[in-house]
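Single-letter residue listing:
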Amino acid sequence: SADIPVITIDGPTASGKGTLADEVGKALGFGVLDSGALYRVTGLAARRAGLDLDDGAAVAALVPTLQLSFRDGHVFLGDEDVSARLRAEATGLLASQVAAHAPVREALHQLQLDFRRLPGLVADGRDMGTAIFPDAALKVFLTASAATRAERRYKQLISKGISANIKGLREDLEARDERDKNRSASPLTPAQDAQLLDNSALTIEASVAQVLDWWQKRRPF
Ligand code: CDP
Ligand code: CDP
């Protein structure tokens, strides 16, 4: 599968990775991997199973038993559509707790590689360019200021009818970023060969155009 092209988009929470990955995927006709959803569903299932989220071995052992499926951009756990629940900020915190354990990351590794199918893949997360797809043809590290990210997440939640407060959101996302950056297992850090993109002052359209421009310029296929 080394000849199947991959574009990776890594970065901190609410920097716009998912939106950018979806738009670039649409523009190129590539599939999209939202790797965060895998950590979110693992965190949710571990909590429901009453596991100690600090017990990496126990959470990792749960992963192969999960009846996960992905249909039309929705995530199912057995017959239950858990998509809305996965997006909750509380689930993001559970995700970052279980994601800190190397055995949990191991347990989810192959599942992510399986998304690499023709004609290509856009993968977003924290370690797509560093650990999962180190041979990706284009790696983007997407950032935005914490204030911008908190405001974006706030608007996103309010537009879905979910109540939120900006100060609490900013505290939560900064706590999550700290944990993601400082863990020893695949910490959040740009790949050496990543293109850095700060989109604090960019529209979604401008960010998409930048990535497509990089893609055209380095596309060796
Ligand atoms: O996937 P990630 O958590 O990095 O972020 P996202 O869910 O794609 O984006 C968070 C919110 O920021 C969404 O509502 C996007 O529409 C918005 N956004 C924006 O307003 N301007 C950008 N340049 C990028 C994203
Ligand atoms: O959308 P947002 O950026 O807030 O979160 P996400 O991408 O859904 O990821 C949720 C949590 O899962 C992150 O805070 C990370 O701790 C973890 N994660 C990870 O460790 N590695 C990935 N490739 C993706 C997510």
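An unreviewed UniProt entry lists the chain under the name Multifunctional fusion protein, with Pelomonas caseinilytica as the source organism.

Let's shift gears to the site of ligand 2. Near ligand 2, the surroundings consist of 19 residues, among which Thr-13, Lys-17, Arg-40, Arg-153 and Asp-180 are the closest. Interatomic distance of 2.7 Å between a side-chain N/O atom of Lys-17 and an oxygen atom of ligand 2. Protein chains bury 95% of the 530 Å² of accessible surface belonging to ligand 2 in isolation. Every element with two or more residues in the shell around ligand 2 is listed here: helix 2 (35–48), helix 5 (89–99) and helix 9 (166–182). Per element, the largest residue contribution to the shell around ligand 2 is four residues, and it comes from helix 2. Class assignment of the residues belonging to the shell around ligand 2 gives a composition of five nonpolar, five polar and nine charged.

So, on to the packing of helix 2 against helix 6 (residues 102–113). Helix-helix packing is described using two parameters, namely the angle between the two axes and the distance between the axes. Where helix 2 meets helix 6, the axes come as close as 11 Å, and the angle between the chain directions of the two elements is 135 degrees. Accordingly, the angle class assigned to the pair helix 2 and helix 6 is oblique. The way helix 2 lies across helix 6 gives a crossing that is right-handed. For the pair formed by helix 2 and helix 6, the contact residues are Ser-35, Leu-38, Tyr-39 and Thr-42 on the first element and Val-104, Arg-105, Leu-108, Leu-111 and Gln-112 on the second. Of the residues contributing to the contact of helix 2 with helix 6, the split by class is five nonpolar, three polar and one charged.

Across the eleven residues of helix 5, eight count as buried, placing the element largely inside the fold. All of the buried residues along helix 5 are Glu-89, Thr-91, Gly-92, Leu-94, Ala-95, Ser-96, Val-98 and Ala-99. Close packing links the buried residues of helix 5 with helix 2, helix 3 (56–62), helix 4 (83–87), helix 6, helix 8 (146–159) and helix 9.

Basis of the calculations
Residues numbered from 1 in each chain as written. Chains lettered and ligands numbered in written order. Predicted model: local features only at pLDDT ≥ 70, side-chain atom pairs only at ≥ 80, totals over all residues. Heavy atoms only, no water. Near = heavy atom within 4 Å. Polar contact = N/O pair within 3.5 Å; in protein donor to acceptor, adjacent residues only side chain to side chain. Areas by Shrake-Rupley, 256 points an atom, 1.4 Å probe, with all protein chains shown as cover. Helix = DSSP H or I, 4+ residues; strand = E, 2+ residues; numbered from the N terminus. Nonpolar A, V, L, I, M, F, W, Y, C, P; charged D, E, K, R; others polar. Axes fitted to C-alpha atoms, helices over the stretch in contact; angles between N-to-C directions. Parallel < 35°, antiparallel > 145°, perpendicular 65-115°, else oblique. Left-handed = near helix turned anticlockwise from the far one by under 90°. Contact = heavy atoms within 4.5 Å. Buried < 20%, exposed > 50% of the residue type's maximum accessible area, 1.4 Å probe, protein only.

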